Amino acid sequence: MCRHIYTESIEKSYYDQNLQCRAEKRVRTCILCGKTEKETIYVKDPPKRKLPKFIHEDLSDA
Ligand SMILES: [Zn+2]
């Protein structure tokens, strides 16, 4: 049995209009036996979040 040591490369990077997110087609190739696996990864952009407000306590009067 090959223990499969993969190198990964991005074959294609595109924007999926249906899912409204970026997609990457990645190909993993085993450096030992040459086995390849294809994988499509969807990269959701992180949702825009409001930054938490920093409450600045001024203790100079204490
Ligand atoms: Zn292998």
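Located above this text is the structure these notes cover.
Residues numbered from 1 in each chain as written. Predicted model: local features only at pLDDT ≥ 70, side-chain atom pairs only at ≥ 80, totals over all residues. Heavy atoms only, no water.

*Asks:* Quick question: what am I supposed to make of the pairing of strand 1 (residues 6-16) here?
*Replies:* Along a regular strand, successive side chains alternate from one face of the sheet to the other. Strand direction decides the pairing type here: strand 1 and strand 2 (residues 21-30), joined by ten bridges, are antiparallel. Within strand 2, the position partnered with Ile10 by the bridge is Arg26. Hairpin connection between strand 1 and strand 2: a loop of four residues separates the two successive antiparallel strands, and Gln20 in this loop has a positive phi of roughly 55 degrees. (Pairing = 2+ DSSP bridges. Helix = DSSP H or I, 4+ residues; strand = E, 2+ residues; numbered from the N terminus.)

*Asks:* Just checking my understanding: could you explain the environment of Cys2 for this structure?
*Replies:* Residue position: Cys2 is located in the segment before strand 1. According to the relative accessible area criterion, Cys2 is partly exposed, its value standing at 26%. Cys2 has contacts with Cys30, Leu32 and Cys33, leaving out every residue within four places of it along the chain. (Buried < 20%, exposed > 50% of the residue type's maximum accessible area, 1.4 Å probe, protein only. Contact = heavy atoms within 4.5 Å.)

*Asks:* Help me out: how do you make sense of unusual backbone geometry in this one?
*Replies:* Most of the time, phi is negative for any residue but glycine, and the peptide bond is trans. Of note in the backbone geometry, His4 takes a positive phi value of approximately 50 degrees without being a glycine. When you line up the elements, His4 lands in the segment before strand 1. Residue Gln20 is not a glycine yet carries a positive backbone phi of 55 degrees. The residue Gln20 is located in the loop between strand 1 and strand 2 in this model.

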